[in-house]
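Read off the chains here:
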Number of protein chains: 4
Amino acid sequence: MNLGMTERVAKLVEEVRAMIENEIAPASEEYFAEVGKHPSGDRFQLTDRQLEILDELKSKAKARGLWNFWLTDSDKGPGLTTVEYAYLAEEMGKVPLAAEIFNCSAPDTGNMEVLERYGTPEQKARWLPDLLEGRTRSAYLMTEPDVASSDATQISMRAVKEGDTWVLNGEKHWISGAGDPRCTLYITMAMTDPAAEKHARHTMFLIPADTPGIEVLRPMQVFGHDDAPHGHMHIRFTDVRVPDDAVVLGVGRGFEVAQGRLGPGRIHHCMRAIGQAERALELMCRRALTRKAFGKRLADLGANHDIIANARMEIEMARLLCLKAAWMMDNVGVKEAQPWISQIKVVAPLMALKVVDEAMQMHGGSGISQDFPLAQMWTHLRTLRFADGPDAVHRRQVARAELRKYTNEKV
Amino acid sequence: MNLGMTERVAKLVEEVRAMIENEIAPASEEYFAEVGKHPSGDRFQLTDRQLEILDELKSKAKARGLWNFWLTDSDKGPGLTTVEYAYLAEEMGKVPLAAEIFNCSAPDTGNMEVLERYGTPEQKARWLPDLLEGRTRSAYLMTEPDVASSDATQISMRAVKEGDTWVLNGEKHWISGAGDPRCTLYITMAMTDPAAEKHARHTMFLIPADTPGIEVLRPMQVFGHDDAPHGHMHIRFTDVRVPDDAVVLGVGRGFEVAQGRLGPGRIHHCMRAIGQAERALELMCRRALTRKAFGKRLADLGANHDIIANARMEIEMARLLCLKAAWMMDNVGVKEAQPWISQIKVVAPLMALKVVDEAMQMHGGSGISQDFPLAQMWTHLRTLRFADGPDAVHRRQVARAELRKYTNEKV
Amino acid sequence: MNLGMTERVAKLVEEVRAMIENEIAPASEEYFAEVGKHPSGDRFQLTDRQLEILDELKSKAKARGLWNFWLTDSDKGPGLTTVEYAYLAEEMGKVPLAAEIFNCSAPDTGNMEVLERYGTPEQKARWLPDLLEGRTRSAYLMTEPDVASSDATQISMRAVKEGDTWVLNGEKHWISGAGDPRCTLYITMAMTDPAAEKHARHTMFLIPADTPGIEVLRPMQVFGHDDAPHGHMHIRFTDVRVPDDAVVLGVGRGFEVAQGRLGPGRIHHCMRAIGQAERALELMCRRALTRKAFGKRLADLGANHDIIANARMEIEMARLLCLKAAWMMDNVGVKEAQPWISQIKVVAPLMALKVVDEAMQMHGGSGISQDFPLAQMWTHLRTLRFADGPDAVHRRQVARAELRKYTNEKV
Amino acid sequence: MNLGMTERVAKLVEEVRAMIENEIAPASEEYFAEVGKHPSGDRFQLTDRQLEILDELKSKAKARGLWNFWLTDSDKGPGLTTVEYAYLAEEMGKVPLAAEIFNCSAPDTGNMEVLERYGTPEQKARWLPDLLEGRTRSAYLMTEPDVASSDATQISMRAVKEGDTWVLNGEKHWISGAGDPRCTLYITMAMTDPAAEKHARHTMFLIPADTPGIEVLRPMQVFGHDDAPHGHMHIRFTDVRVPDDAVVLGVGRGFEVAQGRLGPGRIHHCMRAIGQAERALELMCRRALTRKAFGKRLADLGANHDIIANARMEIEMARLLCLKAAWMMDNVGVKEAQPWISQIKVVAPLMALKVVDEAMQMHGGSGISQDFPLAQMWTHLRTLRFADGPDAVHRRQVARAELRKYTNEKV
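Conventions used here
Residues numbered from 1 in each chain as written. Chains lettered and ligands numbered in written order. Predicted model: local features only at pLDDT ≥ 70, side-chain atom pairs only at ≥ 80, totals over all residues. Helix = DSSP H or I, 4+ residues; strand = E, 2+ residues; numbered from the N terminus. Rg over C-alpha atoms; globule rule 2.2 N^0.38 Å. Buried ≥ 20, exposed ≤ 12 C-beta atoms within 10 Å, placed from the backbone. Contact = placed C-beta atoms within 7 Å. Least-squares fit on C-alpha atoms with pLDDT ≥ 70 in both. Pairing = 2+ DSSP bridges. UniProt positions renumbered as here; feature names shortened; annotations may be inferred. pLDDT = per-residue confidence, 0-100. Axes fitted to C-alpha atoms, helices over the stretch in contact; angles between N-to-C directions. Parallel < 35°, antiparallel > 145°, perpendicular 65-115°, else oblique. Left-handed = near helix turned anticlockwise from the far one by under 90°. Expected span 1.5 Å × (residues − 1). Nonpolar A, V, L, I, M, F, W, Y, C, P; charged D, E, K, R; others polar. Domains from an automatic or database assignment. Core = buried A, V, L, I, M, F, W, Y, C linked by C-beta atoms within 7 Å.

### Thoughts on the overall build of chain A
1) Next: When helices and strands are tallied, chain A shows 11 helices and 10 strands.
2) Next: A compact globule built from 411 residues would reach a C-alpha radius of gyration of about 22 Å, and chain A, at 22 Å, matches this within 12%.
3) Next: Counting the 411 residues in chain A, one finds 59% classified as buried.
4) Next: By sequence separation, contacts in chain A at least 24 residues apart represent 71% of the contacts at least 6 residues apart.

Put into structure tokens, the structure is as follows:
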């Protein structure tokens, strides 16, 4: 179980880190400063300068071979293992925009996995090239406002067959990335047969974002922020019509697709969360060494040694668990690796939230202000305790896997 | 040690609660929706409608005798005890704007205490009537960007005497309320004698907000929000001149004033935090009873009973501790009550943050969105772990009080 | 809601404290050193010296009027409120044996409550005088080895009526106090009608400890200790016969009796636990002030200020919650006070365990050794997380009380 | 960084596990039941049956090649890596006596490391063969009653040179294993030059246990247990004389020896602690599946899924951290691996204590009784938070290593 950096990935990590620090980080600031400056005043339109920034950086990344790292087992990507990818994703987590520049951003990587794994040749041909080249983006429409979507059997958007056409009606919210004007594809889960067995009621559809009947109602706010231009949109479908070949894998197989998609998506979030925790710990240490009170460096006051040590230990453990989950995905497959993916899905956001919170506290008021990236990191990380399933659901999965070792009864 | 509601305060609580629910809560939404609609586009200017809302509600409150509850021991106020006030402050914590309507908002109550307790007759005459009537507001300028202000001996803004005039130079930040155009008074701590004994270096000044040389540089952001129109401003003083009678209590006695001010101010924040926790617990219970997953109400799933029970127990304990600290202030005085004030200053925000966080989690993504008040409550509460001294400083005070019971040595 | 010490109890607290420190504490050590020295070698027989110690101290206590404080609402006792009793119980918690000397020990106080509240005049006449005078002791037989007794509807010991006689068969364990040769009464819950409604299946019996058919199998060990001579016994009933007048309150009313008994019993444990936490905090502070490492007092090292402060805050809050629960019992009755009793039942042992654990850590290895009372305090406190219902059951009660505020449905 | 089981160690783990379950576990019970049955009544003498049990099992283990696994880098042992050893030590942690049967018990492994690494040929010849063959045992005398021994510079036992002889005076306590009559060697740290630089004051001596002047005062108790016949003894040295060749490595180099010894010793404790946590989790799951309350299995009640899941996640992370620390020892050396060893030294006992505590709670009263091994596991694990340095000291090490990344100043 080799969880260390391989030589090839060590080299990539160096290149990625350098590009993030020297090129992406400054551009990222400019990019987000442009939000709202589109002539229309629309925060969900990209300005010319924003498009230019993206173009330039993505071209550089592609030219340097720093592209689509997540495509672990395909001949279209660099063929890294998930363990190797983890080290790269961690770096990408440290700066907003970084993941997109290397075409490794959520929710697109998960969506591309769906297409690659379950798509027909026609579906792949239509959607994959633009996504793999980073020319378009995509969204994943699962969560709904009216049901606790952590129990996906409750998904209620209705898809009814009329002749060769499916007609969809209902609402989705928290649709991340759907704010971006480059987002052209909505991978959408809808209920096609309410009378079927619980896990055969739903079907996954590929729906062009500009299909008539789709209406973006509003951006959901994350602690008051609209996260423009990416956005987490609240969307209504009114008689949205798609042909039969929009179905992925087969009618009633929506769950199968959703399950297959979630493994990698979840762990990528975790890897990036670990990168954020590392960045927060660095900020915390630097502050502790340079700020003084009561005649001492903060580093030498009260419980600060313990706080720093705990942060280091918790990051270290979460990273190892993440790497093990990745190794399991590489070696026994996503399905068998599920309990480990659930474990890290619970552990990584909680750990990162705690480290960032301590880092904020070490900074005093400045820690939650615009002068440091900590507050933004915290609010982003807080969403991960719901995204792709809340903690409680994942803990339940872990417990059931554990209990099954000792019984043949239902757990 | 009667910590219960007296009859008179029970009646006031009813009236305050009713006015908040029926009048202030809806007006509060309209008030904040107006932010940024001033013709100038300036988020820190009040629109006519905002002024109207404030006027109307304050007049009603005053007419009903729901006014200046915090003025516990003065013949100018209703003469409630701090314990009684606690029950009212808790209600006011549940809705933004409520505290201001009853003229019980921070930082004004603390500032009025300073004037009432340490001001000369002339100082009182100039500043108090408008503040007590709710016509103006005030700010308290302590925290500075360049030093860890939790150690107040480090405050570095310089005040130098030139003839009869003091000349102040330096920067302050996190000056809450200084964004509001009605804020006319800056109570400001500055260093007057760097060579003096550590606690005699500083002096407190009363400075009109429109004194030449004062420049508001920017609003500090709280998790990305400017909290307009109240604001937490970053301010620069360049050769700001005030006459000698701007000095409060005496040159070199800034610490004494600061200490006297902080007791009540701190506990008021705590009382309101407890109110917010109660509101969050109510939202959590309602959600748990109405939302379903896996065939059950959330209330009946997993650890949710434990989460709700823990919230109830922690609120109950924090409230009792807060009431005891208030009782100590009433019965042994602010100075002797310090260890209890420090205790509740640590306990209340941490408790409320935890309850609100669990409430958010029970709501899924909606919990952090604009559809519920939880995210806003959380970010506000998070500031209280720094405001008026970070947790670590208060824990140190509590520990030292404890250790002193067993030794005559320095602790 | 007066939670403070009244004048009369303040005086009693002084007397009790003095007697514990000066007389009971040293005698307690001698008493326990005698264990196992009975000529029979039986650790559950009292030596002559042990009997002498008990006699002498109890006589003194009685003579001084320091007796049966717990008898809050009876004309047989001193007529203290539960709030007043709390302050006394806290003192008694600090030294083993203290509670017995003042005739305030578990499980006897709860058992006397049962007799007083539910007994017939004949039952009272037979059992109460000896117990009230401290001449005999009693046990309460609820918990069974074969069922999770936290769900008391599962209690399976069978009582079958044969003519005028009840015949009991089954096993009980963790029967505290049944090791003591002075224990003459077993208040025993048994199933009398398995077909009845769930809460009407059981009946409470008064059974003389020397009834034929009763066999003490073994002492249950608490972390390896038999707690002799008190003991927590594992007992078997084989055709144990008692007449019909052994029934308390009525056949099928066992639950009612159990519920009525548990309120006071539970809170007395909590009060004593708080006393133990106070004692541990004192030991922790004294150690922190006198022991040195790395050139500093422990008090001045690392997180120790925070640890001490947290202990003080948690004790303070638990005590206030305990006092409020006591006040509720005094003012709204045991039944209405149940949610508060459940709250403190969860809070007090957890808090005390944490404080004692930190105190042990502050002492290094000595903290868990025979040189300090901390290890013994910890193991005793650990039993309280099961005794009278495990934490989880009490949290469930608290949550249900909370949820019922918002729904008429079953919670 | 291969942290997985190698093929050779997987085979050894199987053999060790089988021998523990089938042979050592039952013998272990018999062995401890014999304590105190020596004709002398001395609990620190071995009965004939005890000697027989040890002999028989050790001979079998040796014959099967299951011996001295810890000897990682020597040609005298099986040449396993520390990572490989971790998997074996985990198994040995599950049953008392197991480690000794495979000659892998504390404190002997650490002591043999000292001899192997720092001993002269004569010292090795005299002491190592018997220890390596498991014929004798040894103790390590560091901790003292009168000083906080976590700061080893305070060690105060005095060794004074008189001619060619060293004369030692002072007291040591918590000397584990010194109760065993087979313990022949005391590796003892004493102060040889109080005037020297802080880390050059002490020297390590090899002292035969039967040297005149050595007096075992008493066994220290661990939560009331003497842990006979192993024991943790309190020992007094009165004019204990040893020749100059008893010095290890050199006068004034005691610290160097102590540092070199502690790395492996510490991590072995951690590995075994992880094994105990695994055993506790298994017991917890089995109980949760077989015990019922309120009409459900415990597994299906309240927070129990979360409790089980948390236990699994925390064990998993601690194991990975332990394996990484082991890997660092193998690959960068004990000295460079120190921060990781400190990390796992903090993490493993805390984690195991928590898991065992939850397992006890899931068992109700039985969990702390003689009917399950949980209480004994807990008390043993609790000692590990002091042994080889308390948590606070290790956290300080971790924090300092972290801070040093960002400064050249002293941290």
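We are not done yet, so read on.
### Here we look at the relation of the copies chain A and chain D
1) Next: Of the transformation placing chain A onto chain D, the axial shift is 0.0 Å and the rotation is 180 degrees, giving an RMSD of 0.0 Å. In the structure described here, the two chain copies are related by an operation that fits a two-fold rotation axis. Using C-alpha coordinates, one finds that chain A approaches the rotation axis most closely at Asn2 of chain A, a distance of 1.9 Å.
2) Next: Counting the interface residues of chain A, we find that 100% of their copies in chain D are interface residues as well, pointing to one common contact surface.

### What to know about the pairing of strand S7 (residues 232-243) of chain A
Within a regular strand, the side chains alternate between the two sheet faces.
Residue and element names in this part refer to chain A.
1) Next: By the bridge criterion, 9 bridges tie strand S3 (residues 165-176) to S7 in an arrangement that is antiparallel. Each bridged residue has a counterpart across the sheet, and for Ile175 the counterpart in S7 is Met233.
2) Next: Bridging between strand S6 (residues 214-219) and S7 involves 5 bridges; their strand directions are antiparallel. If you follow Val216 over to S7, its bridge partner there is Ile235.

### A word on the relation of the copies chain A and chain B
1) Next: Take chain A, turn it by 180 degrees, move it 0.0 Å along the axis, and it overlays chain B with an RMSD of 0.0 Å.
2) Next: The fraction of interface residues of chain A whose copies in chain B are also interface residues reaches 100%, indicating that both copies meet through the same surface.

### Quick look at the UniProt feature "domain: Acyl-CoA dehydrogenase/oxidase C-terminal" (unreviewed entry) in chain A
1) Next: Mapped onto this numbering, the UniProt entry gives "domain: Acyl-CoA dehydrogenase/oxidase C-terminal" (unreviewed entry) at residues 252-401 of chain A.
2) Next: As annotated, residues 252-401 of chain A comprises 75% helix and 3% strand, and the C-alpha atoms at either end are separated by 26 Å.

### Some details on the confidence of the model for chain A
1) Next: For chain A, mean pLDDT is 95; residues scoring 70 or higher make up 100% of the total.
2) Next: The ipTM value of the predicted complex is 0.95, and its pTM value is 0.96.

### Some details on the packing of helix H5 (residues 108-118) of chain D against helix H7 (residues 254-290) of chain D
Residue and element names in this part refer to chain D.
1) Next: It is the contact of H5 with H7, at a shortest axis distance of 9 Å, that shows an interaxial angle of 140 degrees. When the interaxial angle is binned, H5 and H7 end up oblique. In this structure, H5 crosses over H7, and the sense of that crossing is right-handed. Contacts from Thr109, Gly110, Glu113, Val114, Arg117 and Tyr118 of H5 reach H7 at Val257, Gly260, Arg261, Pro264, Gly265 and His268.

### Quick word on helix H8 (residues 304-332) of chain D
Since there are 3.6 residues in each turn of an α-helix, residues three or four apart along the chain are aligned in direction.
All names here are of chain D.
1) Next: Counted at 1.5 Å a residue, the expected span for H8 with its 29 residues is 42 Å, and the 41 Å between its end C-alpha atoms agrees.
2) Next: For H8, a buried count of 26 out of 29 residues is recorded, marking the element as mostly surrounded by other parts of the structure.
3) Next: Remark: Gly333 follows H8 within two positions and exhibits a positive phi of approximately 95 degrees.

### Focus: the environment of Ser28 of chain C
Residue and element names in this part refer to chain C.
1) Next: Among the structural elements, Ser28 can be located in helix H1 (residues 7-33).
2) Next: Residue classification places Ser28 among the partly exposed residues on the basis of 19 C-beta atoms within 10 Å.
3) Next: Ser28 sits 177 residues away from Phe205 along the chain, and the two C-alpha atoms are 33 Å apart.
4) Next: Leave out the neighbours within four places in its chain, and Ser28 touches Val95, Pro96 and Leu97.

### Remarks on the interface of chain A and chain B
1) Next: Listed per partner, the contact involves 34 residues of chain A and 34 residues of chain B.
2) Next: Listed by contribution, the elements that provide at least two residues to the side of chain A that touches chain B are strand S9 (292-293), helix H10 (374-383) and helix H11 (391-403) of chain A.
3) Next: The class makeup of the residues in the side of chain A that touches chain B is 13 nonpolar, 15 polar and 6 charged.

### Comments concerning the interface of chain A and chain D
1) Next: Counting residues at the interface gives 32 residues for chain A and 32 residues for chain D.
2) Next: For the side of chain A that touches chain D, the secondary-structure elements that each account for two or more residues are helix H7 (254-290), helix H8 (304-332), helix H9 (338-362) and H11 of chain A.
3) Next: Sorting elements by how many residues they give to the side of chain A that touches chain D places H8 of chain A first, with 11 residues.
4) Next: A breakdown of the residues in the side of chain A that touches chain D according to their chemical character gives 19 nonpolar, 5 polar and 8 charged.

### Let's talk about the domain arrangement of chain A
Residue and element names in this part refer to chain A.
1) Next: Along its sequence, chain A is organised into domain 1 (7-105), domain 2 (137-248) and domain 3 (255-406).
2) Next: The distance between the C-alpha centroids of domain 1 and domain 2 comes to 27 Å.
3) Next: Opposite the 5 residues of domain 1 that make contact, domain 2 presents 6 residues.
4) Next: Its residues assigned to classes, the side of domain 1 that touches domain 2 shows 3 nonpolar, 1 polar and 1 charged.

### Description of the nonpolar core
1) Next: Residues Cys322 of chain A, Cys322 of chain B, Cys322 of chain C together with Cys322 of chain D are the most contacted members of the largest nonpolar core, which totals 398 residues.
2) Next: Not counting residues up to four positions away in its chain, the partners in contact with Cys322 of chain D are Ala86, Ile267, Cys270, Met271, Ile274, Ile344 and Ala348 of chain D.

### Things to note about H11 of chain A
1) Next: For H11 of chain A, with 13 residues, the first-to-last C-alpha span of 18 Å sits near the 18 Å given by 1.5 Å per residue.
2) Next: Counting buried residues in H11 of chain A gives 10 out of 13 residues, a clear majority hidden from the surface.
3) Next: Considered for burial, the residues of H11 of chain A that qualify are Asp391, Ala392, Val393, His394, Arg395, Arg396, Val398, Ala399, Glu402 and Leu403 of chain A.
4) Next: Against the buried residues of H11 of chain A lie H9 of chain A together with H7 and H8 of chain D.

### Let's talk about the packing of helix H3 (residues 82-92) of chain C against helix H8 (residues 304-332) of chain C
Residue and element names in this part refer to chain C.
1) Next: Put simply, H3 and H8 touch, their axes get as near as 8 Å, and they point 145 degrees apart. Taken together, the residues of H8 that come into contact with H3 (itself represented by Thr82, Val83 and Ala86) are Cys322, Leu323, Ala326, Trp327, Met329 and Asp330.
2) Next: For the contact of H3 with H8, a count of residues per class yields 7 nonpolar, 1 polar and 1 charged.

### A word on the pairing of strand S4 (residues 183-191) of chain D
Residue and element names in this part refer to chain D.
1) Next: Buried residues dominate S4, accounting for 8 of its 9 residues.
2) Next: Both strand S1 (residues 137-141) and S4 contribute to a ladder of 5 bridges, which runs parallel. Opposite Leu141, over in S4, you have Thr188 as the bridge partner.
3) Next: The sheet contact formed by S4 and strand S5 (residues 202-208) spans 7 bridges and is antiparallel.

### Topic: unusual backbone geometry
1) Next: A cis amide bond links Ala228 of chain A with the next residue in sequence, Pro229 of chain A, at an omega value of 0 degrees.
2) Next: Mapped onto the elements of the fold, Pro229 of chain A is located in the loop between S6 and S7.
3) Next: With phi around 55 degrees, Trp174 of chain D is a residue other than glycine that occupies positive phi space.
4) Next: Residue position: Trp174 of chain D is located in strand S3 (residues 165-176).
5) Next: Overall, Trp174 of chain D belongs to the buried group, with 25 C-beta atoms counted inside 10 Å.

### Here's the deal with the environment of Arg218 of chain B
1) Next: Inspection of the secondary structure puts Arg218 of chain B in strand S6 (residues 214-219).
2) Next: When the C-alpha atoms of Arg218 of chain B and Gly179 of chain B are compared, they prove to be 9.3 Å apart, with 39 residues separating the residues in sequence.

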